[in-house]
Amino acid sequence: TRTPVNVTVTGAAGQIGYSLLFRIASGQLLGQDTPVRLKLLEITPALKAAEGTAMELDDCAFPLLSGIDITDDPNVAFDGVNVALLVGARPRTKGMERGDLLEANGGIFKPQGEAINAHAADDVRVLVVGNPANTNALIAQQHAPDVPADRFTAMTRLDQNRAYTQLAKKLGVTVNDIKKLVIWGNHSATQYPDLFHAEVNGKNAAEAVNDQAWIENEFIPTVAKRGAAIIEARGASSAASAANAAIDHVHDWVNGTPEGQWISAGVVSDGSYGTPEGLITSFPVVAKDGRFEIVQGLEIDDFSRARIDASNAELAEERDAVRSLGLI
Ligand code: NAI
């Protein structure tokens, strides 16, 4: 049997954690031939709840689950970690300014970046889910100078998955008929779900839709504001779909994307498409040999250009704000 892969989940006692952990332990993250050891990081008051979740994981008798560690110490949680899922974050509460939000999250993602730098395995891969995901990922990455920068990523896969279903419903097709539908920019209201490079049964998606007003006034806002719509309907934020997207992201990162398919991920910009270098922003990517590569050479029309630039400008502002707070 293979040696277990160490998977660390932060915020393990939270909503997303409750959906995510069972899927990791059942083999959906890394495959049916890969045993996993789970390391759960929580804040001290939530350790008991994390233990409760661990009891349920025990009660599933998952054949691939080789052990569970629970801790409130990042240095312990990230010791030997191969896959780190950074889910726990400080949510924005009423009356909180952006500076306060960034500062609170800096207090979480700076020490976690440092602990990853000091203790992670050489092949560590990090996915940040906790919001503001792109900037939290940047903070962690900046405090892990010994880890290759491309190992730090932020999740926009949920946005992508949302876009797939909205487009499929509009055209009366299934998600299987759609390819290359990706998100650019920040995981925020400024994100840009791009129909102009997407394909539906081999045809250009924007042409298949042939309704610019729908793209601008329905499709893009529906995808970008879906999180709020879920809260409104469910009385709680999206958790199972977020966990599902995290599984998709890491699964594809490790196993590769199928030929002819692109996915979305927030990755460190190399300056592609005029994006400020060093920002963690979402691009169309392919995964090959365990690495994400930004899809190159796409033509960007004026409509897409304005949206991509606006979302990246927002990210640059967040970066400048965390810089002026001394967080990076
Ligand atoms: P939740 O509030 O149910 O759980 C968060 C957990 O994180 C709590 O148990 C809390 O104790 C823990 N936590 C807080 N600080 C921590 C720290 N320093 N170390 C370890 N654990 C810590 O929230 P939920 O619903 O699970 O969401 C988690 C995050 O994911 C939120 O920031 C949310 O906005 C974000 N999210 C991101 C999405 C994306 O597409 N990127 C989609 C949906 C949610």
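Residues numbered from 1 in each chain as written. Predicted model: local features only at pLDDT ≥ 70, side-chain atom pairs only at ≥ 80, totals over all residues. Heavy atoms only, no water.

J.: Just checking my understanding: could you explain the layout of surface pockets for this structure?
T.: Rolling a probe over the atoms, with the probe sized like a water molecule, indicates the empty space that remains. Of the voids in this model, the largest pocket is the one considered here, and its volume is about 1,200 Å³. Contributing to the lining of the largest pocket are 39 residues, with V129, N131, H187, I231 and S237 lying nearest its centre. Sorting the residues of the lining of the largest pocket by element identifies α1 (15-25), α4 (98-119), α6 (157-171) and α9 (226-234) as the ones contributing at least two each. Counting residues per element, the lining of the largest pocket draws most heavily on α9, at four residues. Within the lining of the largest pocket, the residues separate by chemical class into 16 nonpolar, 15 polar and eight charged. Surrounding the second largest pocket, 14 residues form its lining, E42, I43, G88, I108 and Q112 being those nearest its centre. Here the lining of the second largest pocket gets four residues from one element, more than from any other, and that element is α4. (1 Å grid on protein atoms, 1.4 Å probe; cavity = no way out; pocket = protein on both sides within 12 Å on 5 of 7 lines; lining within 4 Å. Points joined across faces, edges and corners; volume = space filled by probe spheres on them. Helix = DSSP H or I, 4+ residues; strand = E, 2+ residues; numbered from the N terminus. Nonpolar A, V, L, I, M, F, W, Y, C, P; charged D, E, K, R; others polar.)

J.: What exactly am I supposed to notice about the UniProt feature "binding site: NAD(+)" (unreviewed entry) in the protein here?
T.: UniProt tags G11, A12, A13, G14, Q15, I16, G17, N105, Q112, V129, G130 and N131 as "binding site: NAD(+)" (unreviewed entry). In the annotated set above, the residues contributing to the lining of the largest pocket are G11, G14, Q15, I16, G17, V129, G130 and N131. Beyond its immediate sequence surroundings of up to four residues, I16 is in contact with V87, V129, S238, A239, A242 and A243. Here Q112 shows up in helix α4. Once residues within four sequence positions are removed from consideration, Q112 is found in contact with T10, L41, F78 and L86. (UniProt positions renumbered as here; feature names shortened; annotations may be inferred. Contact = heavy atoms within 4.5 Å.)

J.: What is the right way to look at the packing of aromatic side chains in this model?
T.: Geometry of an aromatic ring pair is reported as the spacing of the ring centres plus the angle between the planes. By the definition in use, this model includes seven aromatic pairs. Aromatic pair W253 and F292: ring centres 4.9 Å apart, planes at 20°, arrangement stacked. Here the residue W253 occupies a position in helix α10 (residues 240-255), and F292 occupies one in strand β14 (residues 291-294), the gap between them amounting to 39 residues. Directly above the aromatic system of W253 lies the positively charged group of R125, at a separation of 5.8 Å from the ring centroid. (Phe/Tyr/Trp six-rings, centres within 6.5 Å; stacked < 30°, edge-to-face > 60°. Lys NZ or Arg CZ within 6 Å of the ring centre and 35° of its normal.)

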